[in-house]
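Overview (structure and organization)
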Amino acid sequence: MGVNPKKPVNVPFGKNYEPSWALDHIKYLNGGSEIQLHLDNRTGTGFQSKGSYLFGHFAMHIKMVAGDSAGTVTAFYLSSQNNEHDEIDFEFLGNKTGEPYILQTNVYTGGKGDKEQRIYLWFDPTKDYHTYSVLWNLHQIVFFVDEYPIRVFKNSKDLGIKFPFDQPMKIYSSLWEADDWATRGGLEKIDWSNAPFVASYRGFHIDGCESSANDKYCATQGKNWWDQKEFQDLDKTQWRLLRRVRDKYTIYNYCTDRKRYPTMPPECSRDRDVPRKSSKKN
């Protein structure tokens, strides 16, 4: 097996997180070891980490909105707090009953994104909890679903590509209505008769270098487990798992979208396993 990040440690919600908006739409279960976010026709809701972090491993166990979830978005992401912000995104796009969820990932650097990838999941994310995590260090950002790496974004600063390295980020999650784009490009609208829409959370794992929002470096840089050599690249097994995700489940990758990018973006050249053919869009 590949060298995976350390196993997430489950802690109560209040240890690492706090509500950020619509507090009355967050329900606490099992002494705060589990929460639910509720979306209705009045509002969605969300929460954020208490601290800001510069590199680390961030994981959440999530069970997605069940049934007809068209028009809903469940987001789990890291973001800095200024205009030219950095951001690392998981966005789960709901769908009509019986149709699969789409997982969209994106990376923003210096306030600019446009690096979307989309996959179908190989399981029903509404039936049980699954673990969604980000490993972020000075060399790479890796998105994981359970123990599968589904995306890697390498540090390509030598190619003139910005990489998130000096802006501490908070971790956020939210459940909200986005039926102008989320499902089939906005063709499928949210059906409020199915409200409230509910996403469930537990785990609340954070293992990162906590920093002030203004720090430009981590005081323990180079000393943490995620800084070590085995986490600076994927190994052969992890690349093979990533290849399987790309071959079987990828439906969009900006690296192969020649309509948007007639010339392949330079950072994609570092992604040695990029698909050879452009995939269809949702």
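Per chain, residues are indexed from 1 in the order of the written sequence. With the structure being a predicted model, the display of local features is reserved for residues of pLDDT at least 70 and the display and counting of side-chain atom pairs for 80 or more, all residues being used for whole-chain, interface and lining totals. The basis for the side-chain values is all heavy atoms of the structure; hydrogens and waters are excluded.

Below, the discussion takes up the sheet that holds strand S4 (residues 45-49). Spatially, the 8 strands line up as an open sheet ordered S1-S4-S13-S6-S7-S8-S9-S15, and their pairing is antiparallel. Because the sheet does not close on itself, it has two edges, and the strands there are strand S1 (17-21) and strand S15 (250-253). Sheet twist, expressed as the average angle between the axes of neighbouring strands with direction ignored, equals 15 degrees. Being paired, for any two strands, means DSSP has found at least two bridges between them. Only runs of H or I of at least four residues qualify as helices and only runs of E of at least two qualify as strands under DSSP, and these elements are numbered from the N terminus. With 7 bridges joining them, strand S7 (residues 87-93) and strand S8 (residues 102-108) adopt antiparallel strand pairing. Its bridge partner being in S8, isoleucine 88 is matched across the sheet by valine 107. In what follows, a contact means two residues having at least one pair of non-hydrogen atoms within 4.5 Å. What counts as an axis is a line fitted to C-alpha atoms, over the stretch in contact for a helix, and the angles between N-to-C directions run from 0 to 180 degrees. The strands touched by helix H2 (residues 236-249) are strand S9 (117-120) and S15; relative to S15, the strand with the most contacts, the crossing angle is about 100 degrees.

UniProt positions are given in the numbering used here, feature names are shortened, and annotations may be inferred rather than shown by experiment. The UniProt feature table records "glycosylation site" (unreviewed entry) at Asn95. Tracing the backbone shows asparagine 95 in the loop between S7 and S8.

A word on the pairing of S4. Remark: exposure states derive from per-residue accessible area (1.4 Å probe, protein chains only) relative to the maximum for the residue type, with buried under 20%, exposed over 50%, and partly exposed in between. Counting buried positions along S4 gives 5 out of 5 residues, so the element sits mostly inside the fold. Across 4 bridges, S1 lies against S4 in antiparallel orientation. Looking at the pairing, proline 19 lines up with phenylalanine 47 of S4. Bridge count between S4 and strand S13 (residues 170-177): 4 bridges; the pairing is antiparallel. Bridging from a neighbouring strand, phenylalanine 47 pairs with serine 173 of S13.

Our focus in this paragraph is the pairing of strand S10 (residues 130-136). In summary, the side chains of a regular strand alternate between the two faces of the sheet. Burial analysis of S10 places 7 of its 7 residues in the buried class, the great majority of the element. The side-chain alternation of S10 yields two buried faces, one formed by His130, Tyr132, Val134 and Trp136 and the other by Thr131, Ser133 and Leu135. The pairing of strand S5 (residues 52-63) with S10 spans 7 bridges and is antiparallel. The residue bridging histidine 57 from the neighbouring strand is leucine 135, located in S10.

Further remarks concern the state of the cysteines. Cysteine sulfur atoms that come within 2.5 Å of each other are treated as a disulfide pair. Per the counting criterion, the structure on display carries 2 disulfides. Note on cysteine connectivity: cysteine 255 is disulfide-linked to cysteine 268, with sulfurs 1.9 Å apart. Disulfide cysteine 255-cysteine 268: the torsion about the S-S bond is -80 degrees, which places it as left-handed. You can see cysteine 255 sitting in the segment after S15 and its partner cysteine 268 sitting in the segment after S15, a full 13 residues away along the chain. Judged by its relative accessible area of 2%, cysteine 255 falls in the buried class.

Here we come to the pattern of salt bridges. Here, a salt bridge means any Lys or Arg side-chain nitrogen found within 4 Å of an Asp or Glu carboxyl oxygen. A complete count under the given rule lists 8 salt bridges for this structure. Aspartate 114 is paired through a salt bridge with arginine 260; the nearest N and O atoms lie 3.8 Å apart. Of this pair, aspartate 114 sits in the loop between S8 and S9 while arginine 260 sits in the segment after S15, and the two are 146 residues apart along the sequence. The class for aspartate 114 is partly exposed, based on a relative accessible area of 30%. A relative accessible area of 32% places arginine 260 in the partly exposed class. Three or more residues joined by partner-sharing salt bridges are found here, namely Lys112, Asp114, Glu116 and Arg260.

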